[in-house]
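The chain contents come next:
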Amino acid sequence: MPHTDDLRALTDRIRRLEDEAEIRRLIAAYGPLVDHGDGDATAALWTEDGRYDVDGGSFADPNAIADMVRSAPHQNLIRNGCAHFLGPVHVTVDGNEAVAVCYSLLLERRDEQHLVRRASANRWELRSTARGWRVVVRTNRVLDGNPDAHALIAGL
Amino acid sequence: MPHTDDLRALTDRIRRLEDEAEIRRLIAAYGPLVDHGDGDATAALWTEDGRYDVDGGSFADPNAIADMVRSAPHQNLIRNGCAHFLGPVHVTVDGNEAVAVCYSLLLERRDEQHLVRRASANRWELRSTARGWRVVVRTNRVLDGNPDAHALIAGL
Amino acid sequence: MPHTDDLRALTDRIRRLEDEAEIRRLIAAYGPLVDHGDGDATAALWTEDGRYDVDGGSFADPNAIADMVRSAPHQNLIRNGCAHFLGPVHVTVDGNEAVAVCYSLLLERRDEQHLVRRASANRWELRSTARGWRVVVRTNRVLDGNPDAHALIAGL
């Protein structure tokens, strides 16, 4: 006859799989939300104290992220045709925190093709909140030989 | 001592994870099947009443999808070198139905590189059948600023 | 009241999901490790008798794989800016062995973009070891119309 301990161990294993699936799903929403130009929904992927650190700058909180999505340069990118295309996500969950590493491509429509304007390394630090998993810090750097990009992908 | 109710709840959670995994696996087969030129196996990803709605047309049933894969233009694409390359899939399961959203790239071999001929938004509506999860409707639109593409990725 | 048999069946289902997740995570580490230039960590993805079979050659064991990563051509690629970018992985687990099929892109920095130098088909044969899942044989071929590439993706 099974012990409650067995059930608890199984529940922990299921919970771990669910955490990883939820984190991958959260990150998979980023591209469509930002390419649709939905500033509020994009910002809601982050915690209230979350930030997004990119090449040449930083968005210090979710409002700044939403403003970036709504900005004229970003909206022009959308009108011209763009895709924020992600690669497979390598997730490491540790209790209520997690780190996810993945690549991203920014594609822009030009003539009869899409150009890959940049391939970047991404490191997402996440936290489990009352609203589910959310991004605390996302950092990305273009893969152009820059050592900062390497710091994000080292040690997997 | 555990109750059967606990086991049932765990079983439901496992089933949900399995459903999502199976759907992602089904969609991951699309690129290799269509780039290998296997019309029957590609068509078998769909339900018998399934359809595939693309820019500028629609394949009204699995036979039409198989015919597209076997057609001279598609076979020429394969001979020249191509990849139907997908991004991460955002799946939402609701009982025996599901919606999956992802991006796709069509790459064509040209000189010493592959050109990205288009990046598209994809929405897959799926159903759980006696043969497993299958595609009922796949709709895709190129991300060229076209509002139709945005309709597919809104609301994640 | 639940039977131990039920728990065993659930445990098997969880184990299957964990196996698939671990294999996808292992493969997701390849790009970052090889683009960071970490020969030892890249080689450690393989079993001790593992090999990597590529267009025009073969790396016969993990030491040869580590040497390739440390080689001047590969390190020059990294300095110039590159991304080994993978697509979704289609995994089939059979006990302690598994086969995974996916696509990969090699992107190189050039002027203000990344060029896709090649899109390739990949077949990974894996084994569950005392250190976890590891690669026994990885075979890839560029998708340029070459029938060898098709052999890797047929029969999903």
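What counts and how
Residues numbered from 1 in each chain as written. Chains lettered and ligands numbered in written order. Predicted model: local features only at pLDDT ≥ 70, side-chain atom pairs only at ≥ 80, totals over all residues. Heavy atoms only, no water. Phe/Tyr/Trp six-rings, centres within 6.5 Å; stacked < 30°, edge-to-face > 60°. Buried < 20%, exposed > 50% of the residue type's maximum accessible area, 1.4 Å probe, protein only. Lys NZ or Arg CZ within 6 Å of the ring centre and 35° of its normal. Disulfide = S-S within 2.5 Å. Helix = DSSP H or I, 4+ residues; strand = E, 2+ residues; numbered from the N terminus. Contact = heavy atoms within 4.5 Å. Buried area = accessible area lost by both parts, 1.4 Å probe. Salt bridge = Lys/Arg side-chain N within 4 Å of Asp/Glu carboxyl O. Polar contact = N/O pair within 3.5 Å; in protein donor to acceptor, adjacent residues only side chain to side chain. Nonpolar A, V, L, I, M, F, W, Y, C, P; charged D, E, K, R; others polar.

**Remarks on the packing of aromatic side chains**
Step number 1: Throughout the structure, instances matching the rule amount to 21 aromatic pairs over all chains.
Step number 2: Between W46 of chain A and Y52 of chain A, the aromatic rings sit 5.5 Å apart at their centres with planes inclined by 35°, giving tilted as the arrangement.
Step number 3: On the accessibility criterion, W46 of chain A (1% relative accessible area) is buried.
Step number 4: Owing to a relative accessible area of 5%, Y52 of chain A belongs among the buried residues under this scheme.
Step number 5: For the ring pair Y52 of chain A and F59 of chain A, a centre distance of 5.9 Å and an interplane angle of 45° mean the geometry is tilted.
Step number 6: Counting every residue linked through ring pairs, the aromatic cluster contains F85 and Y103 of chain A, F85 and Y103 of chain B together with F85 and Y103 of chain C.
Step number 7: Of note, R138 of chain B hangs over the ring of Y30 of chain B, and the distance from its end group to the ring centre comes to 4.3 Å.

**Observations regarding the state of the cysteines**
Step number 1: Inspection of the entire model under this criterion finds zero disulfides over all chains.
Step number 2: No disulfide involves C82 of chain A; its sulfur sits 17 Å from the nearest other cysteine sulfur, which is in C102 of chain B.
Step number 3: A disulfide-free cysteine, C102 of chain A has its sulfur positioned 16 Å from the sulfur of C102 of chain C, the nearest such atom.

**Quick notes on the side chain of H74 of chain C**
Residue and element names in this part refer to chain C.
Step number 1: Within the secondary structure, H74 sits in helix α4 (residues 72-80).
Step number 2: Overall, the relative accessible area of 7% leaves H74 in the buried class.
Step number 3: In this view, H74 contacts V34, M68, V69 and H84; residues no more than four positions away in its chain are not counted.

**Side note on the interface of chain C and chain A**
One frequent convention defines the size of an interface as the accessible area lost when the parts assemble.
Step number 1: Every contact between the two is made by 37 residues of chain C and, on the other side, 35 residues of chain A.
Step number 2: If you sort the residues of chain C by the area they bury against chain A, L7, R25 and F85 of chain C come out on top, with a joint share of 21%.
Step number 3: A salt bridge links E18 of chain C to R13 of chain A; the shortest N-O distance between them is 2.6 Å.
Step number 4: The tally of links from chain C across to chain A stands at 11 residue pairs in polar contact (both at pLDDT 80 or more).
Step number 5: Of all the elements in the fold, those that place two or more residues in the side of chain C that touches chain A are α1 (4-36), α4, β3 (82-86), β5 (97-110) and β6 (113-129) of chain C.
Step number 6: A per-element tally of the side of chain C that touches chain A places α1 of chain C first, with 18 residues.
Step number 7: Across the side of chain C that touches chain A, the residue classes tally to 18 nonpolar, 11 polar and eight charged.

**Considering the interface of chain A and chain B**
Step number 1: The partner chain B presents 35 residues to the 37 residues of chain A that form the contact.
Step number 2: Summed over both partners, the interface of chain A with chain B comes to about 2900 Å²; 67% of that surface belongs to carbon and sulfur atoms.
Step number 3: Taken as a group, L7, R25 and F85 of chain A account for 21% of the area that chain A buries against chain B, more than any other trio of residues on that side.
Step number 4: The interface formed by chain A and chain B contains one salt bridge.
Step number 5: If you look at where chain A meets chain B, you find 12 residue pairs in polar contact (both at pLDDT 80 or more).
Step number 6: Elements represented by at least two residues in the side of chain A that touches chain B include exactly α1 (4-28), α2 (30-36), α5 (72-80), β3 (82-86), β5 (97-110) and β6 (113-129) of chain A.
Step number 7: Top contributing element to the side of chain A that touches chain B by residue count: α1 of chain A, with 12 residues.
Step number 8: Of the residues that constitute the side of chain A that touches chain B, the class distribution is 18 nonpolar, 11 polar and eight charged.

It is worth stressing that arrangement in space is one thing and function is another; only the former is reported here.
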